[in-house]
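# Descriptive structure summary
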Amino acid sequence: METLVKDSNKQPKPSVKGATPVKVTGSEAIILSLLSEGVNEVFGYPGGAIMPLYDELYKYNQQLTHYLMRHEQGAVHAAQGFSRVSGKVGVCIATSGPGATNLITGIADAQVDSTPLVCITGQVPSQLLGTSGFQEIDIIGISMPVVKWNFQVTSAHEIPEALAKAFYIAASGRPGPVLIDITKDAQFGELEFSYQKCEGLRSYKPVPKLDISAVGRAATLINQSQKPMILCGHGVLLSKAGKALKSLAEKADIPVASTLLGLSAFPPTHPLNVGMLGMHGNYGPNIKTNEADLLIAVGMRFDDRVTGKLESYAKQAKVIHIEIDQSELNKNVQADVAVLADAQQALQAITTLVQANKHTSWLAEFEACNAIENQKVNQPELYPTQGAIKMAEVVRMLSEKTKGKAILVTDVGQHQMIANRYYQFNSCNASVTSGGLGTMGFALPAAFGAGVGDVKRQVIAIAGDGGIQMTIQELGAIAQYKVPVKIIVLNNNFLGMVRQWQQLFFDKRYAATELVNPNFVAIAKGYGLQAKGINQRQDLDSALNELLASKASYFLEIKVEREENVFPMVPSGASVSEIRLA
């Protein structure tokens, strides 16, 4: 147990074991708990019910940096971006009522994409609970479906234990968001503070014990397989299992396809990397899913964007599913061998039992598919010679200039699919995007958080003209804190992905998708940022050079082809075998 004493500045600090606990307010206990968990950065927005905590934050500004975002949704997305690149638990703070409800979209996003967060909300004094007081809302009830755990604190004495549990639950097992709602009187109250990190809960077993018999059955299926394929999901990154996955793939000569959130877990230029799965993934891995005799799914959910029509998904294949969350096993796709375990632990155990193998003819089938996609889709998109700038050529050029080593934070839409298809992620854990929830407005604040969380790598946000306007006010936070995020807006004056569907499936009835946009460059300059706009191909190279060379944040608007479509594409409700190239 760690106890604390006050120094001459009346700021308690960790002391030697056995020192007498000190009396502090609940607000100070929150900060001391955060510091005890190694938290140095938080994102938030103040208000009445959380004001006691902000008063203490003012006193602790040398130990705990608070980033004032321009909207609570921006705060939670920033915490997500921070967590995704740093591997730490992201922390965000909001007041009661609308402040708390404004966090919900980001909390739901974090839950679906397994991002560990601790969200702290203020609440009206406990004596006013249930009275419909000013800015009172039942945030515990509202958030319950989208959190891993939540708890309402009504007494200062509950704060250290509640926060210790919050950090443990958020980060362990399958990570996720936790919300702690703290009444105003609990923040003002006093307690004898000491902090004990949570190392386990009786009813919560986050890391299942590896079933050796399941490992053996999985290895047997791999050894017997002639056409195996690995499906690499986000869980590979979360468990730091990239090396273990690579060892298995190389030993057994198995092609590896990644989900959207699994990108950057497996080297893009590796000969066994066959591309991205999913609705706008690569031709080969989608087509071959329904030809493989074995799918080895690692840390992924078999969501509908990957499976397409479930009734016709991989009916010919045996399925090994490695997953740490029991609820995901046999939920969408029935597994022949379900391995409930941490991905790294399971992969290492399976690899020891797998025989060295070669699947030369099977891999050649992917190469043939890749050649078809290159001819019909990639070359025309990546190397156009006339017409308007294409999104794909922007991403290709960006990837080449950064050598694939930047952190790419993408919003949601056509640009998201194109950026993640064509950027060569030569740095691990470098793709940050909203996957399962598909939250427009994610990129700008998440890029801010990523820039705080990783100061060594360049952070580049790519957004569309629709998504950027949902959180464009966070340019203010980028400017205020001088986080050197580079922002690229691919502007086609449409809600592009919706327009594509309207073109292909609704007879070009472009209902409510054409945008009349503001002067983005003027807005960015209004926040004091360097900004530029281009619309000619001959200006693209120099504009990207200028953006990347800047040591400060930089905003680049690129006018792109208005009605560009993203292919390949698996139509909604179709089989992955029905993937379209045009």
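Only a predicted model underlies this, so the values are computations on that prediction, with no experimental measurement involved.

### Description of the domain arrangement of the chain
- Partitioning the chain into structural domains gives domain 1 (22-193), domain 2 (212-366) and domain 3 (388-559).
- Contacts between the two partners involve 13 residues from domain 2 and, on the opposite side, 18 residues from domain 3.
- Viewed at the interface, domain 3 and domain 2 are joined by zero salt bridges.
- The tally of links between domain 2 and domain 3 comes to three residue pairs in polar contact (both at pLDDT 80 or more).
- Within the side of domain 2 that touches domain 3, the residues separate by chemical class into seven nonpolar, five polar and one charged.

### Considering unusual backbone geometry
- Residue Pro 568 follows Phe 567 across a cis peptide bond; omega there is 0 degrees.
- Checked against the element boundaries, Pro 568 lands in the segment after strand E22 (554-559).
- Positive phi is not limited to glycine here, since Asp 253 has a value of about 55 degrees.
- Of note, Asp 253 is situated in the loop between helix H11 (242-252) and strand E12 (256-258).

### What to know about the nonpolar core
- If you look at the biggest cluster of nonpolar residues, it comprises 54 residues, and the most contacted ones within it are Phe 43, Ile 107, Val 409, Phe 448, Leu 475 and Ile 487.
- The dominant element in this core, judged by the number of residues it contributes, is helix H18 (residues 443-453), at seven residues.
- With 46 residues, the next largest nonpolar core counts Val 395, Met 417, Tyr 423 and Val 560 among its residues.

### Let's talk about the packing of aromatic side chains
- Scanning the model with the defined rule gives 14 aromatic pairs in all.
- Within the aromatic cluster, the residues linked to one another by ring pairs are Phe 43, Tyr 67, Phe 82, Phe 448 and Tyr 481.

What counts as what
Residues numbered from 1 in each chain as written. Predicted model: local features only at pLDDT ≥ 70, side-chain atom pairs only at ≥ 80, totals over all residues. Heavy atoms only, no water. Domains from an automatic or database assignment. Contact = heavy atoms within 4.5 Å. Salt bridge = Lys/Arg side-chain N within 4 Å of Asp/Glu carboxyl O. Polar contact = N/O pair within 3.5 Å; in protein donor to acceptor, adjacent residues only side chain to side chain. Nonpolar A, V, L, I, M, F, W, Y, C, P; charged D, E, K, R; others polar. Helix = DSSP H or I, 4+ residues; strand = E, 2+ residues; numbered from the N terminus. Core = buried A, V, L, I, M, F, W, Y, C linked by side-chain atoms within 4.5 Å. Buried < 20%, exposed > 50% of the residue type's maximum accessible area, 1.4 Å probe, protein only. Phe/Tyr/Trp six-rings, centres within 6.5 Å; stacked < 30°, edge-to-face > 60°.

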